[in-house]
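Report on the structure
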Amino acid sequence: NEKSNENQSLKSSVKLADVAGLEEVKEEIMEIADFIKHAEKYKKMGAKIPKGILLYGPPGTGKTLLASALAGETNTAFIVASGSEFMEKYVGVGAKRVRELFERAKEKAPCIIFIDEIDAIGAKRNEEGQSECNQTLNQLLTEMDGFKLEDEKIIVIIGATNRIDILDTALLRPGRFDKHIYIGNPNKIARKQILKVHTKNKPLSKEVSLEKIAVKTHGLSGAHISSIVNEAALLAVRNNREHITQLDFDNAIERVIAGLKMKNSTVS
Ligand code: ATP
């Protein structure tokens, strides 16, 4: 459809401070941000920065958030696409969309292209069949080879996937997605930091302990924690409370975990 073809392009207001935990990853993102902001300095030194960055790991852990923070920190356009948008049953359509994506990026440069679910385009190519997939991936490889970061127009491509293991190795080669950063589920300290970020502008009752909530949310992602906080706020409203209480959080955790169990049981 036309809409998915027009990958969203916007200025991002997300900052690295909105991303909780992931300290080492944020440092790497800062380095890339510095390059985007002071490209001259790097050019003079002959230093290269990765053109493509692959963020991989379980869902809901902040990959999209990080990419948008890079755009926000550098005040560059943020072009968002999803790998599944490029999969079409008609041969050539996917490749054409990839071409258009890069055309847009060149117009908007400096910019960050974010391709979520890159595995939908970038799964290992095979000899027989699937020529549409192969064409789309080949087009992506061609586009990535086609511009240099030394050019005036800086385009940084960030891909995200939960399945790095199925990606075609051609995509991971130098000059393409040559920097791979693993983003895992948050540990207790990170969960507490995520809770802090997400409760920042919410009225919390005095007895609320983010520490306790962090302990109870073991194994959950940042996305789960964000929905727990929202669920707790909704419960507080429903109960006509002025503040969100620990009980609201406990009930919200139960709901989110029950929802997950239900999802898992329908999958298996
Ligand atoms: P997917 O693989 O499903 O696309 P993702 O890794 O891209 O997931 P995001 O879309 O970045 O996940 O995260 C979803 C939401 O979860 C974010 O918008 C944010 O509200 C919250 N979140 C996840 N990780 C963090 C984090 N480290 N700090 C703050 N919020 C987070």
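Structural data are supplied above this passage.
Residues numbered from 1 in each chain as written. Predicted model: local features only at pLDDT ≥ 70, side-chain atom pairs only at ≥ 80, totals over all residues. Heavy atoms only, no water.

1. Digging into the overall build of the chain
Each helix and strand in the chain was counted, giving eleven helices and six strands. Overall size of the chain, expressed as C-alpha extent along the three principal axes, is 55 × 50 × 30 Å. Within the chain, contacts between residues at least 6 apart in sequence are counted, and of these 79% link residues at least 24 apart. Put simply, the chain shows about 14,200 Å² of open surface, and 52% of that area lies on carbon and sulfur atoms. For the chain, the distance from the average position of its 40 positive side-chain charges to the average position of its 37 negative side-chain charges is 4 Å. (Helix = DSSP H or I, 4+ residues; strand = E, 2+ residues; numbered from the N terminus. Contact = heavy atoms within 4.5 Å. Areas by Shrake-Rupley, 256 points an atom, 1.4 Å probe, with all protein chains shown as cover. Lys, Arg positive; Asp, Glu negative; His and termini not counted. Charge placed at Lys NZ, Arg CZ, Asp CG, Glu CD.)

2. Focus on unusual backbone geometry
Glycine aside, the phi torsion of most residues is negative, and most peptide linkages are trans. The omega torsion of the bond from Ala109 to Pro110 falls at 0°, within 30 degrees of zero and hence cis. Locating Pro110 in the fold gives a position in the loop between helix H5 (93-108) and strand S4 (111-116). Even without a glycine there, the phi angle at Leu22 is positive, about 50°. Structurally, the position occupied by Leu22 is in the loop between strand S1 (8-11) and helix H2 (23-37). Phi at Asn240 is positive, roughly 55°, even though this residue is not glycine.

3. A few points about H2
Between its first and last C-alpha atoms H2 spans 21 Å; for 15 residues at 1.5 Å apiece the expected length is 21 Å, and the two agree. Regarding H2, the residues found buried are Val25, Lys26, Ile29, Ile32, Ala33, Phe35 and Ile36. Here the buried face of H2 lies against helix H3 (39-45), strand S2 (52-56), helix H4 (63-74), S4, strand S5 (155-161) and strand S6 (177-182). (Expected span 1.5 Å × (residues − 1). Buried < 20%, exposed > 50% of the residue type's maximum accessible area, 1.4 Å probe, protein only.)

4. As for the site of the ligand
Contacts to the ligand come from 18 residues, most closely from Ala20, Gly60, Lys63, Thr64 and His198. Here Leu65 contributes a backbone N or O atom positioned 3.0 Å from an oxygen atom of the ligand. Taking His198, its side chain carries an N or O atom lying 2.9 Å from a nitrogen atom of the ligand. Considering the ligand on its own, with 630 Å² of exposed area, one finds that the protein chains cover 79% of that surface. Looking at the shell around the ligand, the elements that each hand over two or more residues are H4, helix H8 (188-199) and helix H10 (222-238). Looking at the shell around the ligand residue by residue, the class counts come to seven nonpolar, eight polar and three charged. (Near = heavy atom within 4 Å. Polar contact = N/O pair within 3.5 Å; in protein donor to acceptor, adjacent residues only side chain to side chain. Nonpolar A, V, L, I, M, F, W, Y, C, P; charged D, E, K, R; others polar.)

These figures capture arrangement, not role.
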